[in-house]
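# What the coordinates show
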Amino acid sequence: MIILGIESSCDETACAILKDGELLSNVVVSQIDIFKSYGGVIPEVAARSHLEAILPVIDKAISDAKVNWDIIDYIAVTNTPGLLGSLLIGTLTARTLAILHNKPLYAIHHLKSHIYSNWLSASGETGPSQRPQFPLLSLVISGGHTQIIKMTHHNHFEIIGTTLDDAVGECFDKIAKILGLPYPGGPSIAAAAEKGNPKKYHFPHPKTKNPLDFSFSGLKTAVLRQVQKECGVGLDFPSHELKNLLTPEQINDFAASFQKTAIDILLEKLRLAKKLNPDTKSIVFAGGVSANQELRKMATASELPVFFPNPKFSGDNAAMVAMACFYEIKSGIKPTDPYKLTLAPRSDLC
Ligand SMILES: Nc1ncnc2c1ncn2[C@@H]1O[C@H](COP(=O)(O)OP(=O)(O)OP(=O)(O)O)[C@@H](O)[C@H]1O
Ligand SMILES: [Mg+2]
């Protein structure tokens, strides 16, 4: 069974070919270099960049995998959630190819793909050697989402905790901006944190009505207020100028203290979720923030039965889209009518 996967939900244009669950090719063209100078993604620019990249990316994935359209069985594409203009390029391309080559099409939820990146073990040098076992808890931590999802079996998802405001990845990106660290914020905060003191500043852990829910907007504000205090300026001081008043040592200490707080919050909630679900056999991390090395170290040390995607599959890619499709097909889920393929903005998994 050969699946061609397509991903274009945000600022990565990607295509991958999966044969019987094994990855044959994986092509990702990232727009990070375009958005570095802006400090964030501009949706219209992202959509135009996808338009330029998508056909060459698909051609390369097909030629790298040494396959052709005659032997490709299925097409899988991310249809939600994401930036509408970006999703439109991927889904219209997939739909056109499905009609042109007469292939069944699967519309795949982006968060499901992030979770299924953990089944891409064979292709990664640091990927898990075993498959996650059910029932499992997945912590999806990305630029747009922070959720704890319970899975009793393939393709069955129950959201038991979610962020009430910002996603943790968004929080990394916004705090990096305040500290004058480059976009995307996650990797640059992680790099600065290595040189900083994580105990220098103390930030609160928010309380939520459902103890498994998250709230990261308060943490973002707490860091901002502490930076203002440290710089000796008032609340009305322009936040984009704060970076000019900070020393490299202060920046590293803020990065380390924020990162520690964010990781502590994530693992605290996960431990509670595990306690409330004692039959849990695996904990599965997913999404861009799961690339964080300190998080990996702390989670592994906490004796939870953890799985992390290979770092090259933690951000957006199409290998995970094809893998999620593989398990939909195995579960007997029917293809999506290409003419009725719908798009939706960021939303929950269930
Ligand atoms: N090493 C890291 N440490 C912390 N955060 C990281 C790291 N690497 C990447 N990130 C963060 O991961 C996020 C991007 O992840 P991802 O591509 O999964 O999100 P997205 O696709 O934008 O959002 P979503 O998947 O919710 O639609 C960014 O916020 C980025 O800062
Ligand atoms: Mg993503």
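Check the entry above for the structure.
Residues numbered from 1 in each chain as written. Chains lettered and ligands numbered in written order. Predicted model: local features only at pLDDT ≥ 70, side-chain atom pairs only at ≥ 80, totals over all residues. Heavy atoms only, no water.

The next point concerns the sheet that holds strand β3 (residues 22-30). Spatially, the five strands line up as an open sheet ordered β3-β2-β1-β4-β5, and their pairing is mixed. Where the open sheet ends on each side, the last strands, each with one partner, are β3 and β5 (105-109). Pairwise comparison of adjacent strand axes, ignoring direction, gives a mean angle of 20° for this sheet. Here strand β1 (residues 2-7) runs beside strand β4 (residues 74-80); their pairing, made up of four bridges, is parallel. When the sheet's bridge partners are listed, Leu4 is paired in β4 with Ile75. (Pairing = 2+ DSSP bridges. Helix = DSSP H or I, 4+ residues; strand = E, 2+ residues; numbered from the N terminus. Axes fitted to C-alpha atoms, helices over the stretch in contact; angles between N-to-C directions.)

The calculated volume of the largest pocket comes to roughly 1100 Å³. Every residue lining the largest pocket is counted, 41 residues in all, and those nearest its centre are Gly143, Asp173, Tyr183, Pro184 and Gly288. At the level of elements, α4 (110-116), α5 (168-179) and α6 (185-193) are the ones that each hand at least two residues to the lining of the largest pocket. Here the element with the most residues in the lining of the largest pocket is α5; it accounts for six residues. (1 Å grid on protein atoms, 1.4 Å probe; cavity = no way out; pocket = protein on both sides within 12 Å on 5 of 7 lines; lining within 4 Å. Points joined across faces, edges and corners; volume = space filled by probe spheres on them.)

What follows is about the pattern of salt bridges. Taken as a whole and judged by the stated rule, the model has eight salt bridges. For Lys36, the salt bridge goes to Asp33, with nearest N and O atoms at 3.9 Å. Of this pair, Lys36 and Asp33 both sit in helix α1 (residues 32-36), three residues apart, which is roughly one turn of the helix. Among the residues examined, Lys36 registers a relative accessible area of 45% and is labelled partly exposed. With relative accessibility at 64%, the residue Asp33 sits in the exposed group. Where Lys174 meets Glu170, a salt bridge forms, and the shortest distance between an N and an O atom there is 2.9 Å. In this pair, Lys174 and Glu170 both sit in helix α5, four residues apart, roughly one turn of the helix. The exposure class of Lys174 is partly exposed, given its relative accessible area of 35%. (Salt bridge = Lys/Arg side-chain N within 4 Å of Asp/Glu carboxyl O. Buried < 20%, exposed > 50% of the residue type's maximum accessible area, 1.4 Å probe, protein only.)

It is worth spelling out helix α10 (residues 319-330) at this point. When the terminal C-alpha atoms of α10 are compared, their 17 Å separation across twelve residues agrees well with the 16 Å that a helix rising 1.5 Å per residue should span. Burial within α10 is extensive, with eleven of its twelve residues counted as buried. For α10, the set of buried residues is Ala319, Met320, Val321, Ala322, Met323, Ala324, Cys325, Phe326, Tyr327, Glu328 and Ile329. Buried-residue contacts for α10 involve β1, β2 (12-19), β3, β4, β5 and α4. Of the residues flanking the end of α10, it is Gly332, one or two places downstream, whose phi is positive at about 85°. (Expected span 1.5 Å × (residues − 1). Contact = heavy atoms within 4.5 Å.)

So, to be careful, I would describe these as geometric facts and stop short of saying anything about function.
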